[in-house]
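# Chains, contacts and geometry: an overview
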2 protein chains.
Amino acid sequence: MLHNIPNKTYLTEAQLPDYWYNLRADMPPHAPFLNPGTGALLTPEEAMAVFCEESVRQEFNNTDRYISIPGAVMDYYRMYRPSPLQRAYALEKALDTPARIYYKFEGNNTSGSHKLNSAVPQAYFAKQQGLTTLTTETGAGQWGTALSMAAAYFGLKLRVYMVKVSAEQKPYRREIIRTFGAQVIASPSDTTAIGRKLLGEDPNSGGSLGCAISEAVEDAVTSENTRYVLGSVLDHVLLHQAIIGSEAKRAMELLEETPDIVIGCAGGGSNLGGIISEYMADKLQGKPAPYFIAVEPASCPSLTRGTYAYDFCDTGRVTPLAKMYTLGSGFRPSPIHAGGLRYHGMSPVLSKLYHDGQLDEARSYRQTDVFKAAKLFANAEGTLPAPESSHAIAAAIEEAVKCRESGQSKVILFNLTGTGYFDMLAYQQFNDGTLVDYVPTDEDIAAGVAGLKDIPGNK
Amino acid sequence: MLHNIPNKTYLTEAQLPDYWYNLRADMPPHAPFLNPGTGALLTPEEAMAVFCEESVRQEFNNTDRYISIPGAVMDYYRMYRPSPLQRAYALEKALDTPARIYYKFEGNNTSGSHKLNSAVPQAYFAKQQGLTTLTTETGAGQWGTALSMAAAYFGLKLRVYMVKVSAEQKPYRREIIRTFGAQVIASPSDTTAIGRKLLGEDPNSGGSLGCAISEAVEDAVTSENTRYVLGSVLDHVLLHQAIIGSEAKRAMELLEETPDIVIGCAGGGSNLGGIISEYMADKLQGKPAPYFIAVEPASCPSLTRGTYAYDFCDTGRVTPLAKMYTLGSGFRPSPIHAGGLRYHGMSPVLSKLYHDGQLDEARSYRQTDVFKAAKLFANAEGTLPAPESSHAIAAAIEEAVKCRESGQSKVILFNLTGTGYFDMLAYQQFNDGTLVDYVPTDEDIAAGVAGLKDIPGNK
């Protein structure tokens, strides 16, 4: 049946937004970042020793509502954007729901996720600054892949510190990154002082994201013409991801559709900040707006069970302090398969919006329920979703089922952040019935946040 | 730079072709299929014992130029089609060529390749016929994945005989197929007589595509309400893939572009038959037409070094005999990574067109050169290509470099059939410098075709 509203809606390249919408221009400022050593306000100059200058300028810019996307970044965006806005007719039919379900699919690029949206501008800023080299860390590998693609395009060297256990478990992710010319270093490594120290203590360490961040930062600040790049949590990353929501809103407007509910999964928060962007602008400006739902894993429930306080952005405790919903930087998330959601904290922007009641709701799902939703979606829609993205699917399905029961035909929009191609071990466990759930006890949660009281800013 | 011709061109869903163009209506008939047992003409009734009825009717239809695509198939096509027609601006810049390079990208669906275009109608035909179950074989896994997606959508059971060594080496492919609800059986298996016989002879056999076909066919003909489905070589498969070329031609016409050269890789031939479809129609009807290039691996050179003769379509010698370019069904292709091109024969339609001089040229590349082209393409365009598809890339680059030398700005169109996500072991070997080439000796070629003289139809 040829529908009036197509299965997929693409903006033309001329219709693509050529700006990033800066949420912070419309909201009260969140608590400032603090220097982790002194507890004083973090200055742009301090941050520029680690990050690219333009990224830092954006990090501190909470006044400009629209920030122009540089031409060279638009050139790259046009190679893989617009991402499609898809109407989930087959899922609606499978659920027998009167709801109209839409999803923005960010997985149709080689990095496999939305991460490329921030990798491209950050690599471009480095190039413009005359840098030769970038460093970063990667866990599941999506961010490392995205940055390797952007670095290759702009002719930059890249060293990716990949959590050793991930590098060993996901050799194919490692090879994609190498195919784009980047060097992959299993962390802990003997190329940094902190890596050597850790290896001295435990030669068989499988590493951690915290350790990989520490090594990448040390490498950046001790190497010439080199800076460190981060793929989530920070305000400038959320800024770049706003392109998702700006595109989605334009496409929905072309279809004369207005979402009643907007849903995103939430780890560090960048994709959720992306999909809600200009819809949240409406709310902050007092206009009618959708109901916003953040979805997190039951195993790592920073919004639903965490504390709003200053904390380190990394488990290695080398990064600036941010005020956010956190489980404590010492909280060790259980080994669920949605690696991109295994983060103790949450974007300071989203944390503030949630604390202020602008982000309406956070909810959590157990991974077995998430994979049930993923399988239902895949079999209906023919797209295999990433476990992270499937948290949003689970919530969309729950809302659509409510519509079936109430007879309401709400318009539901969610962000499908990536493909599940590199998560087949997880699907295998689900297919075999061996996938297990992890839910922290109240004691686990209390232990995680116990140390926060000693952190500058919380005293 | 916002170009007049966008990076990606999508037809609207209303502009999608709603027919398959049937090349055979415009060309002299190729030699008929023969019954492998009797050497007599294969009848539709004989074929319908193995294949779905509608597939067989299409197989024998060489008169209808346009065949309507059923509505239910269009519904699925609209979930992942149109595939984009992409302008390779970044590749052109990297090559410093005045050529305008376009590619049709068929890899942006969960099966990862163009195979879905034929899986969907074949599953639909089975459903319409009242069948409950399908069987097939898969080697590299793309076809098995595509058919599992289609079977899930139409509510059919599916048993996929997966070459045992592939099932073991590519467990993630196996899991995608299982996630879509199909049963994956490592072949040789103990579920069929031929499997048990082979296991009796060699309990450790890693299997072969020939054996997997034999098992899938035996399963189909001995089970109730079950038929066997094939994903390449046969005429009805080429027919379904014609959608690629019909879409590409419409999109090129919207851009007011006319290709001078059309390129496709060639294994069994279905994607090449697809991309050339309506451009070849022009040639067969005496209109101006592009120059057509088929690209095959140097290790399995059926068009460039094979013989035009009757042969079995499978190495297990159970399928009908077809007249085609072949290296002999006993030829054992070397273990190159482009698994989809490791086929001894070639589509009878394409073989005839090549024999008649309508398909202008066939050429072959060694895999190390293919991976060089793949890496250059990935780093410029940000899309990781499958090794099979990269054969077409290598030819497109060669033609674009000729343009640089001659100063001609030819328009080059090639088919990018799939993504390289599941070929990272091959990329790893390339990245490590351990990838090797295989080129059959003249003696290898002579040995492969030696048995053809004894086959019915060649005597």
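Residues numbered from 1 in each chain as written. Chains lettered and ligands numbered in written order. Predicted model: local features only at pLDDT ≥ 70, side-chain atom pairs only at ≥ 80, totals over all residues. Heavy atoms only, no water.

Along chain A, the regular secondary structure elements total 18 helices and 15 strands. Its C-alpha atoms give chain A a radius of gyration of 21 Å, near enough to 23 Å, the size a compact globule of 459 residues would have. If one aligns the C-alpha atoms of chain A with their principal axes, the spans along those axes are about 60 × 50 × 45 Å. In chain A, buried positions account for 65% of the 459 residues. Considering only intrachain contacts with a sequence separation of at least 6, the fraction spanning at least 24 residues in chain A is 76%. (Helix = DSSP H or I, 4+ residues; strand = E, 2+ residues; numbered from the N terminus. Rg over C-alpha atoms; globule rule 2.2 N^0.38 Å. Buried < 20%, exposed > 50% of the residue type's maximum accessible area, 1.4 Å probe, protein only. Contact = heavy atoms within 4.5 Å.)

What follows is about the sheet that holds strand β10 (residues 261-265) of chain B. All names here are of chain B. Taken in spatial order, the seven strands of this open sheet run β1-β4-β5-β15-β10-β11-β14, and their pairing is mixed. In this open sheet, the two edge strands, each paired with only one partner strand, are β1 (8-9) and β14 (361-365). With two bridges joining them, β1 and strand β4 (residues 85-87) adopt antiparallel strand pairing. Pairing of K8 across the sheet is with Q86, part of β4. Running at roughly 140° to strand β5 (residues 100-105), helix α11 (residues 235-254) makes contact with β1, β4, β5 and β15 (411-416) of the sheet. Together, β5, β10, β11 (291-297) and β15 form the strand contacts of helix α12 (residues 270-284), whose direction differs from that of β10 by roughly 155°. (Pairing = 2+ DSSP bridges. Axes fitted to C-alpha atoms, helices over the stretch in contact; angles between N-to-C directions.)

Attention shifts here to the interface of chain A and chain B. Each partner contributes to the interface: chain A provides 50 residues, whereas chain B provides 50 residues. Of all residues in chain A, M79, T179 and Y421 of chain A give up the largest surface area on contact with chain B, accounting jointly for 16% of the area buried on that side. Taking the shortest distance from any N to any O, the salt bridge between R178 of chain B and D432 of chain A comes out at 2.8 Å. Residues that form the side of chain A that touches chain B fall into these classes: 24 nonpolar, 15 polar and eleven charged. (Buried area = accessible area lost by both parts, 1.4 Å probe. Salt bridge = Lys/Arg side-chain N within 4 Å of Asp/Glu carboxyl O. Nonpolar A, V, L, I, M, F, W, Y, C, P; charged D, E, K, R; others polar.)

Another point: the relation of the copies chain A and chain B. Placing chain A over chain B gives an RMSD of 0.0 Å and needs a rotation angle of 180°, together with 0.0 Å of translation along the axis. Here the copies are linked by what is in effect a two-fold axis. Residue N108 of chain A of chain A places its C-alpha closer to the rotation axis than any other residue of that unit, at 3.1 Å. Most of the interface of chain A is mirrored in chain B, where 100% of its interface residues are also at the interface. (Least-squares fit on C-alpha atoms with pLDDT ≥ 70 in both.)

This part is about empty space enclosed by the protein. Considering all chains together, one arrives at twelve cavities of 30 Å³ or more under this definition. In this structure, the largest cavity encloses a volume near 340 Å³. Around the largest cavity sit 35 residues that line it, and G107, N108 and N109 of chain A together with F105 and N108 of chain B are the ones nearest its centre. Here the residues of the lining of the largest cavity are counted per class, giving 15 nonpolar, 16 polar and four charged. Here the second largest cavity is characterised by a volume of approximately 140 Å³. Looking at the second largest cavity, it is lined by 14 residues, and the ones nearest its centre are L42, F51, E59, L234 and P320 of chain A. The leading source of residues in the lining of the second largest cavity is helix α2 (residues 53-59) of chain A, at three residues. Among the residues forming the lining of the second largest cavity, the class breakdown is ten nonpolar, three polar and one charged. Here the lining of the second largest cavity spans two domains, and each of domain 1 (8-16 + 83-112 + 244-454) and domain 2 (38-67 + 115-228) of chain A adds at least three residues to it. (1 Å grid on protein atoms, 1.4 Å probe; cavity = no way out; pocket = protein on both sides within 12 Å on 5 of 7 lines; lining within 4 Å. Points joined across faces, edges and corners; volume = space filled by probe spheres on them. Domains from an automatic or database assignment.)

It is worth spelling out the layout of surface pockets at this point. Regions of empty space are outlined by a rolling probe, equal in size to a water molecule, passed over the atoms. Approximately 580 Å³ is the volume found for the second largest pocket. Together, 25 residues line the second largest pocket, and Y10 and T12 of chain A together with Y10, L11 and T12 of chain B are the ones closest to its centre. Contributing elements (two or more residues each) for the lining of the second largest pocket: β1 (8-9) of chain A together with β1 of chain B. Residues of the lining of the second largest pocket, tallied by class, amount to 13 nonpolar, seven polar and five charged.

On to the domain arrangement of chain A, then. Residues and elements named next belong to chain A. Once the domains are mapped, chain A shows domain 1 (8-16 + 83-112 + 244-454) and domain 2 (38-67 + 115-228). On a C-alpha basis, the centroid separation for the pair domain 1 and domain 2 is 24 Å. Each partner contributes to the interface: domain 1 provides 16 residues, whereas domain 2 provides 19 residues. Buried surface at the junction of domain 1 and domain 2, summed over both partners, amounts to about 1400 Å²; 61% is from carbon and sulfur atoms. Area buried by domain 1 at its contact with domain 2 is led by T110, S111 and F422, which between them contribute 40% of it. Applying the counting criterion to the domain 1 and domain 2 interface returns one salt bridge. Put simply, D423 and K170 hold a salt bridge, and the shortest N to O gap is 3.9 Å. The interface formed by domain 1 and domain 2 includes two residue pairs in polar contact (both at pLDDT 80 or more). Taken together, the residues of the side of domain 1 that touches domain 2 sort by class into four nonpolar, eight polar and four charged. (Polar contact = N/O pair within 3.5 Å; in protein donor to acceptor, adjacent residues only side chain to side chain.)

Turning next to the environment of M252 of chain B. Residues and elements named next belong to chain B. Along the chain, M252 turns up in helix α11. Separated by 167 residues in the primary sequence, M252 and L85 have C-alpha atoms spaced 8.0 Å apart. With residues near it in sequence (within four places) discarded, M252 still touches L85, Y102, E257, P259, Y279 and V411.

Let us now look at the pattern of salt bridges. Applying the stated criterion to the full structure yields 50 salt bridges over all chains. For D356 of chain B, the salt bridge goes to K352 of chain B, with nearest N and O atoms at 3.3 Å. For K352 of chain B, a relative accessible area of 16% gives the class buried. Salt bridges linked by common partners bring E361, R363, E398, E399 and K402 of chain A together as one network.

Glancing now at the side chain of S277 of chain A. With respect to the element layout, S277 of chain A can be found in helix α12 (residues 270-284). In this structure the side chain of S277 of chain A is engaged in a polar contact, spanning 3.2 Å, whose partner is the backbone oxygen of G274 of chain A.

Under the defined criterion, the tally for this structure stands at 36 aromatic pairs over all chains. Geometrically, the ring pair formed by Y325 of chain A and Y354 of chain A is edge-to-face, given 5.3 Å between the ring centres and 70° between the ring planes. Residue Y325 of chain A is located in strand β13 (residues 321-326), and its partner Y354 of chain A is located in helix α14 (residues 348-355); the two are separated by 29 residues in the primary sequence. Ring centres of F422 of chain A and Y421 of chain B lie 5.4 Å apart, and the angle between their planes is 85°; this geometry places the pair in the edge-to-face category. Of this pair, F422 of chain A sits in the loop between β15 (411-416) and α17 (424-432) while Y421 of chain B sits in the loop between β15 and α17 (424-432), on two different chains. (Phe/Tyr/Trp six-rings, centres within 6.5 Å; stacked < 30°, edge-to-face > 60°.)

Of the residues in chain A, 100% have a pLDDT of 70 or more, and the chain-wide mean is 95. With pTM at 0.96, the complex prediction returns an ipTM value of 0.95. (pLDDT = per-residue confidence, 0-100.)

Next up on the list: the pairing of strand β6 (residues 133-138) of chain B. Residue and element names in this part refer to chain B. Counting buried residues along β6, six of its six residues qualify, which places the element largely inside the surrounding structure. Burial along β6 is two-sided: the face carrying T133, T135 and E137 and the face carrying L134, T136 and T138 are both buried. The pairing of β6 with strand β7 (residues 157-163) spans six bridges and is parallel. By the bridge assignment for β7, T135 is matched with R159. Read as a crossover between parallel neighbours, the route from β6 over helix α6 (residues 142-154) to β7 is right-handed. Sheet topology places β6 next to strand β9 (residues 226-228); three bridges connect them, and they run parallel. By the bridge assignment, T135 is partnered in β9 with Y228. (Right-handed = clockwise from strand over helix to strand, strands pointing away.)

So, about the environment of P28 of chain B. All names here are of chain B. Mapped onto the elements, P28 comes out in the loop between β2 (19-21) and α1 (44-48). Relative accessible area serves as the criterion here: at 42%, P28 is assigned to the partly exposed category. C-alpha separation for the pair P28 and K352, spaced 324 residues apart in sequence, amounts to 8.6 Å. Those residues within four positions of P28 in sequence are excluded, and the remaining contacts are K352 and D356.

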